[in-house]
Amino acid sequence: SVNRGVPAQVAVTAQKTMRLLPASGRRATQKVVVGDQDGVITCFGIKKGEAVPVFKTLPGQKIARLELGGALNTPQEKIFVATGSEVRGFTKRGKQFLSFETNLTESIKAMYISGADLFLCASYIYNHYCDCKDQHYFLSGDKINDVLCLPVDKVNCITPVLACQDRVLRVLQGSDLLYEVEVPGPPTVLALNSGNGGDSGEEIVFGTSDGKLGVIQITGSKPIPKWEIENEKKRGGILCIDSFDITGDGVKELLIGRDDGVLEIYSFESADDPVLRYDHALSESIASIQGGCVGKEGYDEILTSTYSGWLTGLTTEPVHREGGSAEELKLSQEMQSKISSLRNELEHLQIKVLQEREKYQQSSQSSTAVSSVPTFSVNDKFTLNKDDASYSLILEVQTAIDTVLVQSDVPLDLLDVDKNSAVVSFSSCDSEPNNNFLLATYRCQANTTRLELKVRSIEGQYGTLQAYVTPRIQPKTCQVHQYQIKPLSLHQRTHSIDHDRPMNTLTLKGQFSFAEIHSWVVFCLPEVPEKTPAGESITFYFQNTFLGTQLESSYRKGEGCFKSDNISTISILKDVLSKEATKRKINLNISYDVNEDSVRHTLKLIHPKLEYQQLLAKKVHLIDALRELQVHEGNVDFLLPKYRSILEEADQLLEEYKKQPAHLERLYGMITDLFIDKFKFKGTNVKTKVPLLLEILDGCDQDGLIAFFESA
């Protein structure tokens with residue numbers, strides 16, 4: 001049985017900032033050490049369900065990572081924290097023994113410790129130090145999210161692995177890249193399999209921002225994938241991983257913490273066969289997860305720390321003692337005294353809040369009043385989902401959210417989110433002259449600290465989405481967060497493309513630098529690193545998540561070449577790139593090569609989606625009439641089987657239609673754009689023929705549609 005226990009709170013915490021210190025005796029409980037964004041390290045134990053402090057440091061710069069270290073093959077009980085560009089070391093009693101100011105110009109984002117070796121990463125830079133002396137350096141092609149090193153005692157050499165945003169694990173040797181490993185999503189966290197790299201010491205677990213999980217063996221020459229789990233339940237991204245034998249069967253389970261608050265335990269039937277054994281939902285993202293014995297000797301538990309600083313334990317200790325019926329079971333003395341002390345504490349806090357509120361009211365009305373705006377942290381994530389070509393905007397606040405107002409200067413569809421319990425209301429907005437296309441307010445229920453919204457953009461229309469976040473704190477205050485909707489917003493980076501497809505080519509030549517054309521590509525496409533790539537040229541591959549079309553983008557100083565099987569993608573790039581070059585007064589020589597077969601190919605990709613959505617719309621329109629018939633006739637046996645199945649599936653059909661309100665409209669828009677763009681490159685304006693095209697689309701005949709495109 002799993003029971004919640006050990007509640008304690010610190011300030012807002014970052015990913016991987018809570019650890020359990022090794023137990024000092026054979027049966028002793030473990031101490032918890034956690035670093036927060038106020039720069040405070042708190043170490044405490046648990047006795048009789050109460051947190052007992054061991055030490056607490058003074059506030060400082062926010063703590064980005066907390067790791068345990070010590071000499072190899074000894075208990076890892078020295079505490080190391082990364083704060084700004086500095087690494088500090090503390091003993092388990094809280095005495096500082098190290099203050100190492102690195103030569104990094106940016107704040108440390110990821111850290112790993114192995115004996116005397118320290119591995120640090122800022123945004124794009126990796127540094128390896130031994131005894132605080134600089135050893136190796138590497139500049140990554142994209143942002144580094146996490147770092148680890150294979151266990152030196154098992155593999156006999158230092159093998160660092162970087163988890164990079166461009167869906168790649170980079171394996172290093174010294175300052176050089178040994179090889180790259182492609183993974184199915186942007187990796188956010190790495191851990192040694194079973195906590196020690198498995199039998200070979202070469203196995204690492206990775207978790208991605210789109211919720212996928214896998215194990216890869218990192219050998220000296222090549223990667224060997226072991227297993228991978230897709231995110232079929234559409235759960236949040238993975239933030240933390242630990243290995244611990246919670247079931248006591250001698251095999252370590254895999255503990256996973258996600259950014260939607262879901263905790264998962266995977267057990268292994270065999271080495272490469274993970275099975276989800278247990279899951280539990282917390283109300284906010286899980287920043288760190290650890291397995292150990294904290295609250296009571298003999299009972300293991302899983303401890304988590306969440307974004308706003310709550311530490312929660314799930315314990316194997318039974319909730320009820322054995323013996324007696326439910327009526328006879330009485331709360332133990334320990335529990336009763338705990339409840340009364342909590343009640344007293346609550347009353348004390350309520351009185352304190354009232355006193356502080358009165359004090360604030362008096363001071364704010366005095367002649368010398370100074371307005372003070374309370375600060376609050378917002379943890380946000382704006383990502384493109386490959387499955388349904390929509391953007392998820394996740395907003396997490398350290399205190400309860402009151403309202404979130406969403407505004408956009410480009411047309412966006414707001415999609416339904418199952419987990420969202422907020423009440424949404426739309427305000428009418430004038431697209432002219434203020435370019436205001438969306439204005440919606442989400443009113444959250446009490447104690448909601450996390451809100452998830454879904455939007456779908458239209459390629460070719462670009463601008464800014466703004467979220468105004470107002471928490472339930474006094475005095476009322478609001479933070480604005482901005483998110484760029486890019487011209488090719490539905491494209492996602494991919495490792496490779498199909499070179500056999502019919503491709504259209506756009507070539508640019510002119511007096512521009514490598515950095516300038518890179519900045520234009522960053523402006524047009526998501527998931528491109530802002531930093532100009534090293535070297536003289538670069539190639540990126542993309543896939544359109546809505547249609548499955550692709551884009552190859554290669555460029556260098558003075559020249560850019562863009563290839564796509566979708567002529568509309570080339571048209572959008574041509575318009576946006578020439579606009580950006582004109583802004584900088586750069587003269588561009590633009591040439592293009594249109595492949596006639598590509599239009600037929602793109603229509604064949606779109607058509608199954610179009611047919612499916614048209615059929616769904618027809619079925620949904622029939623539901624009311626069929627239900628009325630059902631009420632009048634009493635039974636529906638006389639109906640044709642296809643109509644009976646519509647009635648049987650009515651709820652699922654309505655649910656699906658509600659989730660994708662403007663799907664059909666968007667497909668019509670894409671086919672219309674394709675038609676206009678095809679002839680635009682020939683210098684012909686066919687806008688007058690659009691009504692005729694829409695008539696053909698209603699008929700949903702693929703051959704007729706292709707014939708219309710070719711004869712127009």
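These figures come from a predicted structure and were not determined experimentally.

## Describing the overall build of the protein
Looking only at helices and strands, the protein features 10 helices and 43 strands. Summarising its shape, the C-alpha atoms of the protein cover approximately 85 × 75 × 70 Å along the three principal directions. A separation of at least 24 residues holds for 56% of the contacts in the protein among residues at least 6 apart in sequence. With an accessible surface of roughly 34700 Å², the protein has 49% of that area assigned to carbon and sulfur atoms. When the 77 basic and 94 acidic side-chain charges of the protein are each reduced to a single mean position, those positions are 4 Å apart.

## Remarks on the sheet that holds strand β21 (residues 223-229)
The strand order β18-β19-β20-β21 describes an open sheet built from four strands, whose pairing is antiparallel. A strand with exactly one partner marks an edge of an open sheet, and here the two such strands are β18 (187-192) and β21. Neighbour-to-neighbour, the strand axes of the sheet open up by a mean angle of 25 degrees, direction not taken into account. When strand β19 (residues 203-208) meets strand β20 (residues 213-218), the two strands line up antiparallel, connected through five bridges. Within β20, the residue paired with Glu203 across the bridge is Gln217.

## A word on the packing of helix α3 (residues 514-524) against helix α4 (residues 567-583)
Two numbers describe how α3 lies on α4: the axes approach to 10 Å, and their chain directions differ by 130 degrees. As far as their axial angle goes, α4 and α3 are oblique. Handedness of the crossing formed by α3 with α4: right-handed. Here α3 contributes Trp520, Phe523 and Cys524 to the contact with α4, which in turn contributes Leu573, Val576, Leu577, Glu580 and Ala581.

## Here we look at the side chain of Asp677
Within the fold, Asp677 resides in helix α8 (residues 663-680). One buried charged residue, Asp677, forms no salt bridge at all, with the nearest opposite charge on Lys680 at 4.0 Å. Within the structure, the side chain of Asp677 is placed 2.8 Å from the side chain of Ser568, a separation counted as a polar contact. A polar side-chain atom of Asp677 sits 3.1 Å from a polar atom in the side chain of Ser571. Not counting chain neighbours up to four residues away, the residues in contact with Asp677 comprise Ile567, Ser568 and Ser571.

## Focus on the pattern of salt bridges
With the rule as written, the count across this model stands at 28 salt bridges. Put simply, Arg88 and Glu86 hold a salt bridge, and the shortest N to O gap is 3.2 Å. With a relative accessible area of 10%, Glu86 lands in the buried category. Between Glu665 and Arg666 there is a salt bridge whose closest N-O contact spans 3.9 Å. Here the residues in one salt-bridge network are Asp166, Arg170, Glu180 and Arg493, joined through shared partners.

## As for the domain arrangement of the protein
On domain assignment, one finds that the protein holds domain 1 (14-235), domain 2 (236-316), domain 3 (378-478), domain 4 (491-594) and domain 5 (597-711). Look at where the C-alpha atoms of domain 2 and domain 5 centre, and you get two points 45 Å apart.

## Things to note about the packing of aromatic side chains
This model, assessed by the stated rule, comprises 15 aromatic pairs. Where Phe382 meets Tyr483, the ring centres are 5.1 Å apart and the plane angle is 35 degrees; that geometry is what we call tilted. Remark: Tyr483 occurs in strand β37 (residues 479-485) and Phe382 occurs in strand β29 (residues 378-385); sequence separation between them is 101 residues. The exposure class assigned to Tyr483 is buried, which follows from its relative accessible area of 7%.

## Some thoughts on the confidence of the model for the protein
Of all residues in the protein, 95% have pLDDT values of 70 or greater, and the mean over the chain is 87. Per-residue pLDDT, averaged within each element of the protein, yields its smallest value for strand β1 (residues 3-9) (52) and its largest for β18 (96). Counting interchain partners and residues more than four positions distant, the pLDDT-below-50 stretch residues 1-7 has 26 contacts. Within the model, the stretch residues 321-330 combines pLDDT values under 50 with four contacts to residues more than four positions away or in other chains.

## A few points about helix α10 (residues 702-711)
Every buried residue belonging to α10 is among Leu705, Ile706, Phe708 and Phe709, and all of these are buried. Looking down the long axis of α10, one finds its buried residues gathered within 155 degrees of arc, a one-sided arrangement. In α10, the exposed positions angled more than 90 degrees off the buried face are occupied by Asp703 and Ser711. Buried-residue contacts for α10 involve α5 (596-633), α8 and α9 (690-699).

## Let's talk about the nonpolar core
Val404, Leu465, Phe562, Ile671 and Phe709 are the most contacted members of the largest nonpolar core, which has 77 residues in total. Grouped together as the second largest cluster of nonpolar side chains are 28 residues, Tyr112, Leu169, Leu172 and Phe206 included.

## Notes on the sheet that holds strand β32 (residues 412-415)
The four strands are arranged β29-β30-β35-β32 in an open sheet whose pairing can be described as antiparallel. Of all the strands in the sheet, the pair left with one neighbour each is β29 and β32. Averaged over all pairs of adjacent strands, the angle between strand axes in this sheet comes to 25 degrees, irrespective of strand direction.

## Some points on the packing of helix α6 (residues 641-648) against helix α7 (residues 650-659)
Between α6 and α7, whose axes approach to 4 Å, the crossing angle comes to 70 degrees. One way to sum up the angle between α6 and α7 is to call them roughly perpendicular. Counting all contacts with α6, which are made through Ile646, Leu647 and Glu648, the residues of α7 involved are Ala650, Gln652 and Leu653. Along the lines of polarity and charge, the residues of the contact of α6 with α7 split into four nonpolar, one polar and one charged.

## What about the pairing of strand β39 (residues 504-510)?
Counted residue by residue, β39 has six buried out of seven residues, so it is predominantly covered. Across six bridges, β39 lies against strand β42 (residues 559-564) in antiparallel orientation. From the neighbouring strand, Asn504 faces β42, where its bridge partner is Ser564. Pairing geometry for β39 and strand β43 (residues 588-593), over six bridges, is antiparallel. Following the sheet pairing, Gly510 is matched in β43 by Leu588.

## Remarks on the side chain of Asp142
Summarising the element assignment, Asp142 is placed in the loop between β13 (133-139) and β14 (144-149). This buried residue, Asp142, is left without a salt bridge; Arg493 holds the nearest opposite charge, at 4.0 Å. Those residues in contact with Asp142, other than ones at most four positions away along the chain, are Ser123, Tyr124, Cys164, Gln165, Asp166, Arg170, Arg493, Glu527 and Pro529.

## Some words on the state of the cysteines
One pass over the structure, following the stated rule, counts zero disulfides. Sulfur of Cys157: no disulfide; nearest cysteine sulfur belongs to Cys149 and is 8.1 Å away. Residue Cys157 is classed as partly exposed on the basis of its relative accessible area, which comes to 38%. Looking at the unpaired Cys164, the closest cysteine sulfur is the one in Cys121, lying at 8.0 Å.

What counts and what doesn't
Residues numbered from 1 in each chain as written. Predicted model: local features only at pLDDT ≥ 70, side-chain atom pairs only at ≥ 80, totals over all residues. Heavy atoms only, no water. Helix = DSSP H or I, 4+ residues; strand = E, 2+ residues; numbered from the N terminus. Contact = heavy atoms within 4.5 Å. Areas by Shrake-Rupley, 256 points an atom, 1.4 Å probe, with all protein chains shown as cover. Lys, Arg positive; Asp, Glu negative; His and termini not counted. Charge placed at Lys NZ, Arg CZ, Asp CG, Glu CD. Pairing = 2+ DSSP bridges. Axes fitted to C-alpha atoms, helices over the stretch in contact; angles between N-to-C directions. Parallel < 35°, antiparallel > 145°, perpendicular 65-115°, else oblique. Left-handed = near helix turned anticlockwise from the far one by under 90°. Buried < 20%, exposed > 50% of the residue type's maximum accessible area, 1.4 Å probe, protein only. Salt bridge = Lys/Arg side-chain N within 4 Å of Asp/Glu carboxyl O. Polar contact = N/O pair within 3.5 Å; in protein donor to acceptor, adjacent residues only side chain to side chain. Domains from an automatic or database assignment. Phe/Tyr/Trp six-rings, centres within 6.5 Å; stacked < 30°, edge-to-face > 60°. pLDDT = per-residue confidence, 0-100. Arc of directions from axis to C-beta. Core = buried A, V, L, I, M, F, W, Y, C linked by side-chain atoms within 4.5 Å. Nonpolar A, V, L, I, M, F, W, Y, C, P; charged D, E, K, R; others polar. Disulfide = S-S within 2.5 Å.

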